[in-house]
Every structure is written in structure tokens, then in C-alpha cells.
Amino acid sequence: MINLQPYSSPSYFLILLLGLLPIMIGLYHGKRFRVYETIFSLAFLVLTFGGDHWQQGVALIIYIVYQFILTICYVHYRKQKNQTNIFVGAVLLAILPLTVVKFTPLLANGKITLGFLGISYLTFKTVQVIMEVRDGTIKDFDWKLYLHFLLFFPTISSGPIDRYRRFKKDYETIPDRAGYLEDLEKAVHYLFLGFFYKFILGYLFGTLWLPPLQHWALMQRHAFGGLGLSWALLGYMYDYSMYLFFDFAGYSLFAIAISYFMGIKTPPNFNKPFAAGNIKEFWNRWHMTLSFWFRDFIFMRFTFWFMKKRWLKNRIRISQIAYLVNFLIMGFWHGLTWYYIVYGIFHACAIIINDIWLRYKKKHQDQIPSNKFTKGFSVFLTFNVVCFSFLIFSGILDKLWFM
């Protein structure tokens, strides 16, 4: 059976664009062929999770059935009552499959691997829907649209993470011809920019330069008193940071482009993140749909809950604790290894220090200069702090120190 990994080869794009033609023709003429879109999406899901990945396909089916029943039950319950313990239970049950997938390899020493490509992003979507149903912001729940939202194949494997209400508005609103032509123009732009990012720059940084830099860095593991600090490691840090951005940003651009072809304006994931002047601004530019999801559904809710319990009166301290919780969860989500967890703690500490500095700067703005040099230095400093965090994230320090 054929197995095609998303956006990985020219043949994938050729098949994809051929399949998109009827959808594009329909939207151009003001029609959405919903039945064809469903068949088309299911066909590409089979191509993605078939063949050698059939176990992932089975896991996906079981997961979707589970989450669908859970969400439908909670929506039905919410129409009658709104108890907090039931809501918390529904959220915990929604994240249970992802938790099992994350912990199973650790408990089984890597011998058992459950789950499928994209389970994290589907979980984020499900939790978001349950939370917004609870809040009352989702009032008109359509189970067919919910399934389409979950299984929207352009974004299923690695995002961007869309929101149900925004997706629903796009899906139910067919653009006029002029608007759709603008969408097509953007889609083509995103598509070619994605090719440039992923298959040219990503290839240079990731395939050509990264392996030799890693080799040279590991060869100097005894340098600098056994810490392995070397110029090769510094080069690896910058190269890996560039590779991580261009590879993932290119992938995200592909998903956004295909979404636009289908009349769905999937939100952007990156906005010149290395031009950020501080770490908070960086997280408003980097992997934005994930960052905003964590902000809205973990940071803000934890802050509100902490203030409601009145365990602390100082809002600054509450926000600092919320940052630690937020980024610690993000670290655990990436994986149950020390460098992912340290990566999360590092960013929490960086953003807390940044907040302290911004408050100090606001109080002493007459004494602190603000000009092109200071702004340029802020960008330079933020860039290097971020690159160092990616060095931790890459896992090379684990190989350098412990293997």
C-alpha cells in the first residue's frame, strides 16, 4: 500500500494539487463541494497513515472515536449543567491518550511506541473545544464540522493549531471570486516560500552543515575542562537554530498554502521570530499557534484559578508562577527527557527576568537610553538567548556529557 509522508516529496505535491483542482474550481465558482472535500481528506489520511504506518492509522481511528464520544458527551452535559469537577474530568480524559503516548516509551524502555503522527495537535484541538464549550463561547456545536475540524489533513500532522470557531467561520463562508483569487495568490506565495525554506535553506542548514558540525563538536567533548565547549559547538548552536526555523516554518507554510487553496485561512505560525527585541516578543512570533494556545488555555486559566483561590495577592508573583507552570508543561509535552524539561524551565526563567527588566525600565525610562543601538542590542541578545535554548533543545548536550 502507498504511504506518503506530508509535504516530503514532489510526488506528494503533484498528487495533492491534482486532488485540489475540483475544490479550487468549485470555490472559484462560489461552491464548496463538501462531499468531495470529505472523500479527498480521507484519501490523503489513508495515504499518510497507510502502508508501513498502518498501526498509526489504527491508533488514529481509535483516538478519533474516543475523543468524538468524549466531546459529544460533554457538549450534551453542558446543556444541562456546568459543574467544575465534570469539566476538569473531561479535560483530563481528553489529554489521557497523549499522556499515555508520552509515558509508554519511558516505562517500556522504548520498546513500545503508541500513538500516531499529529496526536499532540489533535489533543490541543479537542481540549480547546471542551474548554470553550464550558465557557459558552461555542454555542452552536456541529458534530460533522467538528470531525472535519479535527481531521483537516493539511494541518493534522504538525499544525498550525487552528481554533474551532475560526475554522467554522471559514468553512461556512464561501469567498467571492475576487476574495478567492486573493487567497490563491497568497497560497502560491506561501507554497513557493515554503519550498525555499524547507528544501533549500533547510537542506543547507540541516543536511549539509549540521552533521559535520555535530561530529566536530562531539569530537571535542573533553575540551574546556570536560564541558565540551568549543567553536564547533557554537557553530552547531547557530546552525541548528536556523535549521529548526526554516524546516518547521517551511512545513507550516505548506500547510497554510494548502488550507488557502481549500478556502480555509489557517493562521500563520511564524512572524520573523529572530527579529524579536525580547523573549516575550519572541514567543509572540515563534510557533504562534502553539504559543497562543498555551497562553490562552494554560497560562491565563492557571492565573485566573490562582487568583480565584487567593493563595497569593501579588499578581506579579502569580504571573511568574504561571510562566513556570506554562513552560514546564511545554517542556514535558516535547518529551520526557531532561533537556526538553530544562528547555522549558530556561524559557520560563528568561521571560520572568524579561518581565522584571521591563518593569524596571518603565520606572526608570528617563535614565535608560532608547535608540537604534539599544534596540539592535536587544535583538542581538534575544537571538543569542533563543539560540542557546535551542542548543539545549537539540539534545547534543546529552550526547556530549552523558553518552
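Refer to the preceding data block for the structure.
Residues numbered from 1 in each chain as written. Predicted model: local features only at pLDDT ≥ 70, side-chain atom pairs only at ≥ 80, totals over all residues. Heavy atoms only, no water.

Trainee: Would you mind going over the overall build of the chain with me for this structure?
Mentor: The secondary structure content of the chain amounts to 16 helices and zero strands. Against the compact-globule benchmark of 22 Å for 403 residues, the chain has a radius of gyration of 23 Å, which places it among compact chains. Dimensions along the principal axes, computed over C-alpha positions, put the chain at roughly 65 × 55 × 50 Å. A buried classification covers 49% of the 403 residues belonging to the chain. Put simply, of all contacts in the chain between residues at least 6 apart along the chain, 74% involve residues at least 24 apart. (Helix = DSSP H or I, 4+ residues; strand = E, 2+ residues; numbered from the N terminus. Rg over C-alpha atoms; globule rule 2.2 N^0.38 Å. Buried < 20%, exposed > 50% of the residue type's maximum accessible area, 1.4 Å probe, protein only. Contact = heavy atoms within 4.5 Å.)

Trainee: Help me understand helix H13 (residues 315–334) in this model?
Mentor: Each α-helix winds once per 3.6 residues, and so residues spaced three or four apart point in a common direction. If you check H13, its first and last C-alpha atoms are 29 Å apart, about what 20 residues at 1.5 Å a residue would give, namely 28 Å. Of all the positions in H13, only Ile318, Ser319, Gln320, Ala322, Tyr323, Asn326, Phe327, Met330, Gly331 and Trp333 are classed as buried. Measuring from the backbone nitrogen of Ile316 back to the side-chain oxygen at the start of H13 gives 2.9 Å, which picks out Asn314 as the cap. (Expected span 1.5 Å × (residues − 1). Polar contact = N/O pair within 3.5 Å; in protein donor to acceptor, adjacent residues only side chain to side chain.)

Trainee: I keep staring at the state of the cysteines and nothing clicks. Help me out?
Mentor: When the sulfur atoms of two cysteines share a covalent bond, that bond is a disulfide. In this structure the tally under the stated criterion is zero disulfides. Cys349 takes part in no disulfide bond, and the closest cysteine sulfur to it belongs to Cys387, at a distance of 19 Å. What makes Cys349 partly exposed here is its relative accessible area of 35%. Classification of Cys387 by relative accessible area gives buried; the value is 0%. (Disulfide = S-S within 2.5 Å.)

Trainee: Sorry if this is basic, but what is going on with the side chain of Gln128 here?
Mentor: Considering the arrangement of structural elements, one finds Gln128 in helix H5 (residues 119–135). At 3.3 Å, the side chain of Gln128 forms a polar contact with the backbone nitrogen of Tyr164. If we skip the residues at most four places from it in the chain, Gln128 touches Ile138, Phe149, Asp162, Arg163, Tyr164, Trp293 and Phe297.

Trainee: I keep staring at the packing of helix H10 (residues 231–261) against helix H15 (residues 372–394) and nothing clicks. Help me out?
Mentor: For any two helices packed against each other, the geometry comes down to the angle between their axes and how far apart the axes lie. With their axes 9 Å apart at the nearest point, H10 and H15 run at an angle of 90° to one another. Taken as axis vectors, H10 and H15 run roughly perpendicular relative to one another. Note on element contacts: H15 touches H10 through Phe383, Asn384, Cys387, Phe388, Phe390, Leu391, Phe393 and Ser394, opposite Leu233, Tyr236, Met237, Tyr238, Tyr240, Ser241, Met242 and Leu244. Of the residues belonging to the contact of H10 with H15, the class tally is 13 nonpolar, three polar and no charged. (Axes fitted to C-alpha atoms, helices over the stretch in contact; angles between N-to-C directions. Parallel < 35°, antiparallel > 145°, perpendicular 65-115°, else oblique. Nonpolar A, V, L, I, M, F, W, Y, C, P; charged D, E, K, R; others polar.)

Trainee: I'm lost on the pattern of salt bridges in this one. Help?
Mentor: Working definition: two side chains of opposite charge can pair if their charged atoms are close together. For the structure on display, the rule yields 13 salt bridges. Across the pair Arg165 and Glu132 runs a salt bridge whose closest N-O atoms are separated by 3.3 Å. One end of the pair, Arg165, is in helix H7 (residues 164–172); the other, Glu132, is in helix H5, with 33 residues separating them in the sequence. Classification of Arg165 by relative accessible area gives partly exposed; the value is 42%. Asp296 serves as the salt-bridge partner of Arg163, at 3.0 Å between the closest nitrogen and oxygen. In this pair, Arg163 sits in the loop between helix H6 (143–150) and H7 while Asp296 sits in helix H12 (residues 288–309), placing the two residues 133 residues apart along the sequence. (Salt bridge = Lys/Arg side-chain N within 4 Å of Asp/Glu carboxyl O.)

Trainee: How should I be thinking about a nonpolar patch on the surface in this particular structure?
Mentor: Together, Phe224, Leu227, Leu229, Trp338, Val342, Trp401, Phe402 and Met403 line one region of the surface with nonpolar side chains, adding up to about 840 Å² of accessible area. The topology assignment puts Val342 in helix H14 (residues 338–363). A relative accessible area of 35% places Val342 in the partly exposed class. (Patch = residues over 30% accessible without salt bridge, like charges linked within 9 Å, V, L, I, M, F, W, Y side chains within 5 Å. Areas by Shrake-Rupley, 256 points an atom, 1.4 Å probe, with all protein chains shown as cover.)

Trainee: Can you help me understand the nonpolar core in this one?
Mentor: As a rule of thumb, nonpolar side chains are buried together in soluble globular proteins. Of all hydrophobic cores here, the largest spans 121 residues; its most connected members are Tyr7, Leu16, Leu20, Phe153, Trp286 and Phe390. Of the residues forming this core, the biggest block, 20 residues, is contributed by H10. With near-sequence residues (within four places) excluded, Leu20 lies in contact with Phe40, Ile258, Phe261 and Met262. (Core = buried A, V, L, I, M, F, W, Y, C linked by side-chain atoms within 4.5 Å.)

Trainee: Looking at this model, I keep getting lost on the environment of Phe299. Mind explaining?
Mentor: Mapped onto the elements, Phe299 comes out in helix H12. Measuring from C-alpha to C-alpha, the distance between Phe299 and Ser319 comes to 8.1 Å, with 20 residues separating the pair along the chain. If we skip the residues at most four places from it in the chain, Phe299 touches Phe294, Ser319, Ala322, Tyr323 and Asn326.

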